[in-house]
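What the coordinates show
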Amino acid sequence: MAGGNWTPTESKVRPGLYINFVSAAVAQIQGGARGVVAIALKNYGANVSAKEFHLIESEKQAVDLFGADNIKSIKLALQGGAKEVLVYTLPVIDGTTVTEDTAYTEAFDELDTRPFNVFVFDGEVADAAQDKALTWAIRNKSEGKHFMVVFGGNATADLDPAVGNARSIRLAEEYAVNLINGVILNGEPLSSAQFSPYIAGLIAGTPINKSITYAQIRVDDVTKRMTNAQIKEALTKGSLVLVHDGEKVKIERGICTDKKKIRTIRARQAISTDITKTAADSYIGKIDNNVDGQKALISAIKAYLERLAVANVVTNEIVVDLDPNFESIGDKVYLFIKVTEVDSMEEIYLTIQV
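What this report covers is the structure whose coordinates are included nearby. (Residues numbered from 1 in each chain as written. Predicted model: local features only at pLDDT ≥ 70, side-chain atom pairs only at ≥ 80, totals over all residues. Heavy atoms only, no water.)

1. Regarding the environment of Ile71
In this structure, Ile71 sits in the loop between helix H1 (59–66) and helix H2 (72–80). Remark: the alpha-carbon pair of Ile71 and Lys42, spanning 29 residues in sequence, is separated by 9.8 Å. Every residue in contact with Ile71, bar those within four places of it in the chain, is listed here: Glu59, Ala62, Val63 and Phe66. (Helix = DSSP H or I, 4+ residues; strand = E, 2+ residues; numbered from the N terminus. Contact = heavy atoms within 4.5 Å.)

Here it is as structure tokens:
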């Protein structure tokens, strides 16, 4: 199945449904199979081999396959809320025969063939690997496959919010989420990179009509409690911040590194992925490109979006019609779709008269 972005002067080679979301701002598309976190696992014991895929649904299954000492990232992703964890076993990185760059290049190529919602590293990696992952996600976006990538840093970086913010700026993109402070979990300090699989699981497992803003994170504390000024500065840089409010640890605001809302991006990803899949399953190559066939396609997409409106994913102001700027003839159909995502109430202002 093909998909992705298109331009008016471009003719696609593969048959498929090509969606162009146009809004007052720059159109952005994000997607993925909801509920699935992908992890490239560094260590995995003797029961499995390198360069294998395993779909994990429980901690017990992970222990049996990889060993209890190797599943910290998988366990955190499941605890965060992931329905499943798609594990790819990396070859042993020794810096000579297999470098980190080579290992992740191969892993990303293999992951191109599998559906998932969020990718996260198995612990700490070099900046170059993070840059490569972001480039990979952006390339996939242009080709019609959509997923988020969650990043983090090491324990030293976590102690200085400015370092984490610099990482957010370097990785600025609506597909990226960057956690900048670590946590203490059951008395054990975890860096933001080590804890990022939990955030990946939380994003993947949260319904698309809900926000992760103020979501409670069940840990003892954060490794760096930030001041009000530091929190505000971090948010302006697109950083995901964990805050201890005196009673519990929570996510201050669910944002991507480009400062768009995670909830908004996930709504767009659902629309893109689901409409494309439905078209591939039921319409492409199966109905005539005439008035009746076009009406059937438009009605199906409208019905899908109306269901999302009922679920408060988008508003009920929905437009689906033939695009008047292009002629839908031959084997090509051009649709104009306009929707507005529903955001969460995150700022409340009170004027109280006494």
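There is more to say after this.
2. Here we look at the pattern of salt bridges
Applying the stated criterion to the full structure yields 18 salt bridges. The partner of Glu173 in a salt bridge is Lys141, with the nearest N and O atoms 3.0 Å apart. Taken together, the positions of Glu173 in the loop between helix H6 (161–170) and strand E6 (176–178) and Lys141 in helix H4 (residues 127–143) put the pair 32 residues apart, joining distant regions of the chain. Among the ionic pairs, Lys248 bridges to Asp245, the shortest N-O distance being 3.0 Å. Beyond isolated ion pairs, a larger network of salt bridges with shared partners links Asp112, Arg139 and Glu143. (Salt bridge = Lys/Arg side-chain N within 4 Å of Asp/Glu carboxyl O.)

3. Digging into the packing of helix H9 (residues 262–282) against helix H10 (residues 291–310)
It is at 11 Å that the axes of H9 and H10 come closest, and there the two elements cross at 145°. Note on packing geometry: the crossing formed by H9 with H10 is right-handed. The segment H9 lies against H10, with Ala270, Ile271, Asp274 and Ile275 engaging Ile301, Tyr304, Leu305 and Leu308. Split into classes, the residues belonging to the contact of H9 with H10 amount to 7 nonpolar, no polar and 1 charged. (Axes fitted to C-alpha atoms, helices over the stretch in contact; angles between N-to-C directions. Left-handed = near helix turned anticlockwise from the far one by under 90°. Nonpolar A, V, L, I, M, F, W, Y, C, P; charged D, E, K, R; others polar.)

4. Focus: the environment of Lys83
Tracing the sequence through the fold places Lys83 in the loop between H2 and strand E3 (84–89). Of the residues examined, Lys83 reaches a relative accessible area of 60% and is grouped as exposed. Placed 27 residues apart in sequence, Lys83 and Ile56 show a C-alpha to C-alpha distance of 8.9 Å. Every residue in contact with Lys83, bar those within four places of it in the chain, is listed here: Gly35, Ile56, Glu57 and Leu78. (Buried < 20%, exposed > 50% of the residue type's maximum accessible area, 1.4 Å probe, protein only.)

5. Details of the packing of H2 against helix H7 (residues 192–205)
H7 packs onto H2 with a crossing angle of 35° between their chain directions and a minimal axis gap of 6 Å. Crossing of H2 over H7 shows right-handed handedness. Of the residues in H7, those touching H2 at Ser73, Leu76, Ala77, Gln79 and Gly80 are Gln194, Phe195, Pro197, Tyr198, Gly201 and Leu202. Here the contact of H2 with H7 is built from residues that sort into 6 nonpolar, 5 polar and no charged.

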